[in-house]
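# Architecture at a glance
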Amino acid sequence: MPELPEVEALSAFLTERLVGRAIGRVYPVAINALKTYRPPLEDLEGRTVTEVGRRGKFLVIGTGGPYLVVHLARAGWLRWRENLPPEPPHPGKGPLALRLCLADPPGTGFDLTEAGTHKGLAVYCVGDPAEVPGIARLGPDPLDPGFTEELFAGLLSGERRRIKGVLRDQATIAGIGNAYSDEVLHAARLSPYKIAAKLTAAETATLYEAIGATLRDAVERSRGLAAGELKAEKKTGLRVHGRAGQPCPVCGDVIREVSFADSALQYCPTCQTGGKPLADRRLSRLLK
């Protein structure tokens, strides 16, 4: 799933290619991906792109009129094309969800695609990004200068959930998902199961620093990359997420995994949990 660093990089990539150029046609191919109907997508056609930005994990394309807002969800992606076919795409069972063609130069634009059978990619055409429910609910952005340690400590105060879930909650902090929450907690040497409100002042400070350092490092690694290279960069840059069974890059212990119904987390027992494996209830049920 694209998270804050990848969407930030996509925003920069598209800023160079879209701003100042007019939109020719927008083709909604997978109707289930389109979440709004007024204004219609046709209202984007003929307008010049004035800005490209990010709100949490949402990509926002402004035209001085309607905004095109995209959430790539778990399996969505944006593919830049220099040679789009001239004929309109046909709705079907393929991965293509939406195509945007620039008016000039002809044949340039991007496709929004989504792999797999579970469809979560969402496209909105709105007068204001705040009209998108997911954006309206967003918490503070961890890369915003206003995201101070004091603000972060206040968000954790009284929070009885596990810190892993708090970091992933977009209404609490915008942009961090399953992968980077694993990375942040590993950098902070904290158990994902620790209750947020029980963090000490020192642990809170360490976690705050880990959030900023981890995300900024990921953004910097992605800077200047083409859209098609971002997935590979994310995967190679991760230290624990998706690396169960491999050695921890810090201490050499084996990275472990806890599985849930629709996701999994990875962690290092030595670095994060005092050497103790976390309970994996789904695995325990399978072994009975």
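Read on for a plain summary of the structure.

Reading guide: rules and limits
Residues numbered from 1 in each chain as written. Predicted model: local features only at pLDDT ≥ 70, side-chain atom pairs only at ≥ 80, totals over all residues. Heavy atoms only, no water. Salt bridge = Lys/Arg side-chain N within 4 Å of Asp/Glu carboxyl O. Helix = DSSP H or I, 4+ residues; strand = E, 2+ residues; numbered from the N terminus. Buried < 20%, exposed > 50% of the residue type's maximum accessible area, 1.4 Å probe, protein only. Contact = heavy atoms within 4.5 Å. Pairing = 2+ DSSP bridges. Axes fitted to C-alpha atoms, helices over the stretch in contact; angles between N-to-C directions. 1 Å grid on protein atoms, 1.4 Å probe; cavity = no way out; pocket = protein on both sides within 12 Å on 5 of 7 lines; lining within 4 Å. Points joined across faces, edges and corners; volume = space filled by probe spheres on them. Disulfide = S-S within 2.5 Å. Left-handed = near helix turned anticlockwise from the far one by under 90°. Nonpolar A, V, L, I, M, F, W, Y, C, P; charged D, E, K, R; others polar.

Our next topic: the pattern of salt bridges. If you walk through the whole model with that rule in mind, you get 15 salt bridges. In this structure, Arg25 engages Glu45 in a salt bridge whose closest nitrogen and oxygen atoms are separated by 3.3 Å. You can see Arg25 sitting in strand S1 (residues 23-28) and its partner Glu45 sitting in the loop between S1 and strand S2 (51-55), a full 20 residues away along the chain. Arg25 gets classed as partly exposed once you look at its relative accessible area, which sits at 41%. Since its relative accessible area comes to 22%, Glu45 is described here as partly exposed. Measuring nitrogen to oxygen at the nearest pair gives 3.1 Å for the salt bridge that ties Glu220 to Arg223.

Within the fold, Pro39 resides in the loop between S1 and S2. We classify Pro39 as partly exposed; its relative accessible area is 22%. When the C-alpha atoms of Pro39 and Gly127 are compared, they prove to be 7.5 Å apart, with 88 residues separating the residues in sequence. Once you skip the residues sitting within four places of it in the chain, Pro39 turns out to touch Pro66, Cys125, Val126 and Gly127.

We now examine the sheet that holds strand S8 (residues 122-126). Ordered in space as S2-S3-S4-S8, the four strands form an open sheet in which the pairing is antiparallel. The open sheet has two edge strands with one neighbour each: S2 and S8. Across the sheet, the axes of successive neighbouring strands diverge by a mean angle of 20°, strand direction being ignored. Bridge count between strand S3 (residues 58-62) and strand S4 (residues 67-71): five bridges; the pairing is antiparallel. Among the inter-strand pairings, Phe58 is bridged to a residue of S4, identified as His71.

Let us look at the layout of surface pockets. Approximately 430 Å³ is the volume found for the largest pocket. If you go around the largest pocket, you meet 21 residues; those closest to its centre are Met1, Pro2, Arg74, Lys234 and His241. Contributions of two or more residues to the lining of the largest pocket are made by strand S5 (76-81), helix H5 (178-188) and helix H7 (230-237). Here the element with the most residues in the lining of the largest pocket is H7; it accounts for three residues. Estimated volume of the second largest pocket: approximately 340 Å³. Looking at the second largest pocket, it is lined by 13 residues, and the ones nearest its centre are Lys57, Phe58, His71, Arg137 and Gln170.

Turning to the state of the cysteines, a few remarks are in order. Counting across every chain of the model gives zero disulfides. Its sulfur unpaired, Cys268 is 3.4 Å from the next cysteine sulfur, which belongs to Cys251. Cysteine Cys271 remains unbridged, with the sulfur of Cys268 as its closest cysteine sulfur at 3.7 Å.

Our focus in this paragraph is the sheet that holds strand S6 (residues 96-102). On the basis of which strands lie adjacent, the open sheet formed by four strands has the order S1-S6-S7-S5 and antiparallel pairing. Two strands lie at the open edges of the sheet, namely S1 and S5, each paired on one side alone. Taking the axes of each pair of neighbouring strands and ignoring which way they run, one obtains an average angle of 15° across the sheet. Where helix H1 (residues 4-18) meets the sheet, it contacts S5, S6 and strand S7 (109-114), and its direction lies at approximately 25° from that of S5.

Between helix H3 (residues 149-156) and helix H6 (residues 201-222), whose axes approach to 10 Å, the crossing angle comes to 115°. Our pair here, H3 against H6, has a crossing hand that is right-handed. In this structure, H3 uses Glu149, Phe152, Ala153 and Leu156 to contact H6, whose residues at the interface are Thr204, Ala205, Leu207, Tyr208 and Ile211. Among the residues forming the contact of H3 with H6, the class breakdown is seven nonpolar, one polar and one charged.

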